[in-house]
Amino acid sequence: MIRFDINPGRLEPLRLHFRECTPRILVVTDGSLNGGTGGVGLSPIIDILSSTQIHGMTPIVEHRDRHAGGPDQAFDDLSISKFDVVFLFGIETTGSALSASALSKVQHFMEDGGGLFSTGDHEDLGTGMSGDIPRVRQMRYWAAADTPDASDSTRLTTNLPGNDVAYTFADQSDEHPQRLYPNFAVGTDGFVLVPIGGASPTRPAHPLIRLAGGGALDVYPDHPHEGECRIPTDLSTTFDLDGSPTAEWPGGPFFFMRPRPRAVAYAMSAGNGFEGPDKSAVVPRSFIAIAAYNGHLGSVGRVVTDATWHHYVNINLTGMRPGGVSNTDMQAIEAFWSNMVNWLMPATVRRCLWPWLVMSTLVDHPLLEEIEIPEPSPKRVRELVALGSAVVSAVDERPGSVGTDAVTDAVAMLAGTTDRKTDDREFAVNDRLASKVGLALIGAHFAHVAHTLEKGGELHDHDGLERTAKALGDEIVEAVIADERSTLEKSAAELDRTRRLLAEPVPIG
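Calculation criteria
Residues numbered from 1 in each chain as written. Predicted model: local features only at pLDDT ≥ 70, side-chain atom pairs only at ≥ 80, totals over all residues. Heavy atoms only, no water. Helix = DSSP H or I, 4+ residues; strand = E, 2+ residues; numbered from the N terminus. Contact = heavy atoms within 4.5 Å. Areas by Shrake-Rupley, 256 points an atom, 1.4 Å probe, with all protein chains shown as cover. Core = buried A, V, L, I, M, F, W, Y, C linked by side-chain atoms within 4.5 Å. Buried < 20%, exposed > 50% of the residue type's maximum accessible area, 1.4 Å probe, protein only. Pairing = 2+ DSSP bridges. Phe/Tyr/Trp six-rings, centres within 6.5 Å; stacked < 30°, edge-to-face > 60°. Lys NZ or Arg CZ within 6 Å of the ring centre and 35° of its normal. Expected span 1.5 Å × (residues − 1). Disulfide = S-S within 2.5 Å. Axes fitted to C-alpha atoms, helices over the stretch in contact; angles between N-to-C directions. Parallel < 35°, antiparallel > 145°, perpendicular 65-115°, else oblique. Left-handed = near helix turned anticlockwise from the far one by under 90°. pLDDT = per-residue confidence, 0-100. Lys, Arg positive; Asp, Glu negative; His and termini not counted. Salt bridge = Lys/Arg side-chain N within 4 Å of Asp/Glu carboxyl O. Polar contact = N/O pair within 3.5 Å; in protein donor to acceptor, adjacent residues only side chain to side chain.

1. Observations concerning the overall build of the chain
Right, on to step 1. Secondary structure summary: the chain contains 10 helices and 11 strands in total.
Right, on to step 2. Long-range contacts, defined as pairs at least 24 residues apart, comprise 78% of the intrachain contacts of the chain with a sequence gap of at least 6.
Right, on to step 3. Put simply, the chain shows about 21400 Å² of open surface, and 53% of that area lies on carbon and sulfur atoms.

2. Observations regarding the nonpolar core
Right, on to step 1. One finds Phe87 and Ile290 to be the most contacted residues of the largest nonpolar core, which totals 61 residues.
Right, on to step 2. No other element matches the 9 residues that helix H5 (residues 328–344) contributes to this core.
Right, on to step 3. Among the nonpolar cores identified, the runner-up in size contains 32 residues, and Leu357, Leu384, Leu387 and Val480 belong to it.

3. Remarks on the pairing of strand E11 (residues 303–306)
Right, on to step 1. Of the two faces of E11, the one carrying Val303 and Thr305 and the one carrying Val304 and Asp306 are both buried.
Right, on to step 2. Relative to E11, strand E10 (residues 282–293) is paired through 4 bridges, and the arrangement is antiparallel. Opposite Tyr293, over in E11, you have Val303 as the bridge partner.

4. A word on the packing of aromatic side chains
Right, on to step 1. Taken as a whole and judged by the stated rule, the model has 9 aromatic pairs.
Right, on to step 2. An angle of 40 degrees between the planes, with centres 5.4 Å apart, marks the rings of Phe87 and Phe117 as tilted. Highlighted residues: Phe87 in strand E3 (residues 85–89) and Phe117 in strand E4 (residues 115–119), separated in sequence by 30 residues. The pair Phe87 / Phe117 is uniform in exposure class, with both members buried.
Right, on to step 3. Grouping aromatic residues by their ring pairs yields a cluster made of Phe87, Phe89, Phe117, Tyr312 and Trp337.
Right, on to step 4. Sitting over the face of the ring of Trp142, Arg140 holds its NZ or CZ atom 4.5 Å from the ring centroid.

5. Thoughts on helix H3 (residues 100–111)
Right, on to step 1. Given a rise of 1.5 Å per residue, 12 residues ought to cover 16 Å, and the 16 Å separating the end C-alpha atoms of H3 matches this to within 8%.
Right, on to step 2. Within the sequence span of H3, burial applies to Ala102, Leu103, Val106, Gln107, Phe109, Met110 and Glu111.
Right, on to step 3. In this fold, the buried residues of H3 make contact with E3, E4, strand E7 (238–241), strand E8 (244–247) and E11.
Right, on to step 4. Remark: Gly113 follows H3 within two positions and exhibits a positive phi of approximately 105 degrees.

6. Here we look at the state of the cysteines
Right, on to step 1. Under the counting rule described, the total for this entry stands at 1 disulfide.
Right, on to step 2. For Cys21, the disulfide goes to Cys352, at an S-S distance of 1.6 Å. With a gap of 331 residues between them, Cys21 in the loop between helix H1 (11–15) and strand E1 (24–29) and Cys352 in helix H6 (residues 347–362) connect regions that are remote in the sequence. Of the two residues, Cys21 and Cys352, neither departs from the other in class, the shared state being buried.

7. Observations regarding the packing of helix H9 (residues 431–454) against helix H10 (residues 465–503)
Right, on to step 1. Closest axis-to-axis distance for the H9/H10 pair is 8 Å, and the angle between their directions is 130 degrees. Taken together, H9 and H10 sit at an angle that is classed as oblique. For H9 against H10, the interelement crossing comes out right-handed. Facing H9, whose interface residues are Arg432, Leu433, Lys436, Val437, Ala440, Leu441, Ile442, Ala444 and His445, H10 presents Leu465, Thr468, Ala469, Leu472, Gly473, Ile476, Val477, Val480, Ile481, Asp483 and Glu484.

8. Quick word on the confidence of the model for the chain
Right, on to step 1. Summarising the model, the chain shows a mean pLDDT of 88, and 89% of its residues fall at 70 or more.
Right, on to step 2. In the model, residues 417–425 has pLDDT below 50 throughout and makes 22 contacts with residues more than four positions away in sequence or in other chains.

9. Observations regarding the environment of Asp405
Right, on to step 1. Of note, Asp405 is situated in helix H8 (residues 402–415).
Right, on to step 2. Asp405 gets classed as buried once you look at its relative accessible area, which sits at 14%.
Right, on to step 3. Sequence separation between Asp405 and Ala347 is 58 residues; the distance between their C-alpha atoms is 8.9 Å.

10. Side note on the side chain of Lys279
Right, on to step 1. Within the secondary structure, Lys279 sits in the loop between strand E9 (262–271) and E10.
Right, on to step 2. Here Lys279 sits buried without a salt bridge, and the closest side chain of opposite charge, Asp149, lies 6.9 Å off (N-O distance).
Right, on to step 3. Of the polar contacts made by the side chain of Lys279, one reaches the side chain of His225; its length is 2.5 Å.
Right, on to step 4. Setting aside residues up to four positions removed in sequence, Lys279 forms contacts with Ala150, Ser151, Arg155, Phe169, His225, Gly273 and Phe274.

11. Section: helix H2 (residues 43–51)
Right, on to step 1. Listed in full, the buried residues belonging to H2 are Ser43, Pro44, Ile45, Ile46, Ile48 and Leu49.
Right, on to step 2. Buried residues in H2 make contact with E1, strand E2 (60–65), E3 and H5.

Below is the structure:
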């Protein structure tokens, strides 16, 4: 047994071994949207993307105008070998659809695991760049016929009156954000990690909007005419990829893991009308502000859509950044941006950087100060499960809840990635036992990392979960099942003994 005790000075040389996994982000805008500091500039989110830590590494961020150099030139070299996540902020409408070549590149990028964020605005703004993209096209209303008017009583307005009772267009730029409603009842596509002591009715928010200390994002920039996200009900749709029909919503390694779009958070449209420009009063109603799709479980990329790009541009953020310094509400929104880019990262990047992420997280983390690390042997399976649980908890404190993703990664490595349908119950597994297997593999992997460093060895990106799963997976599964069987046998014996004792006559008098 050893303790995880590594000199922080050793981290920088180790980081160099993981440089090839450095996250790469592309931000594409069209029309008047841009990466600058003006009203419809995206400088705040570009700055956050450039400075945030993604799985323990600082990313490379590139902004491009969609048509700079020619129509759809921004997508000419798009591939998973060039970028990991793409952000699309579009204002151009139906008449400016992606070319066939650009659409094909985006499709292949997503099918190869690339993460994609997309948004437009009211009516059909943004449809040109995003309206035909698989998954994205069904996770937001894009067509003008499906979206509310920007001015009449059907508009979706989240503008709150400022420091008075009057509604004005300028309210979108003040320091008062709208209230955002986290969907705590959001479904789960991966394994549910049941805490020691049993399940609780308390549910965590989606990883996109989880904040430090167990909270959730509940503020958002406001705007007087937003768009709207949606959740499709038909998951049997296909799209054309190089002449072949391709599943838009592929299945996962287990029947219950078929990923589906989720409503992450809701906004409330309400408010009075005003002049300049004229806006009608509205009937209050809720709508989906943020939607997400966990494509990793279907071996494709993840997707996030947003109701409007006004949640990201300067004109809607300036009041929360007095003097260029973010107030508390703006800091929560920035934390969401950091969560989002971490969550959208391809599974290959997460798996590549997992050893580095664990080391950089735990080098000075108090959670593991007292934990003794066993040999990475299936004979120590209970200790490995406890160690894996501690590692996941620590890593989940960083943006994007990457630790929980790693549990699903570990189990999926054993199960393969076959596309199985939701009713394919032959592939049903016990959620709790599968989670224990994943935690034990994570514990065994970290034990390998710790023992390697203790002996003065080096780590590389190939020292990842795949290596541990391949070397110990079968034995870990057998050890977890054997431990569970032993526990059940003891419980059965106790039940039988209790039954016999209670069945014996009790002397009276």
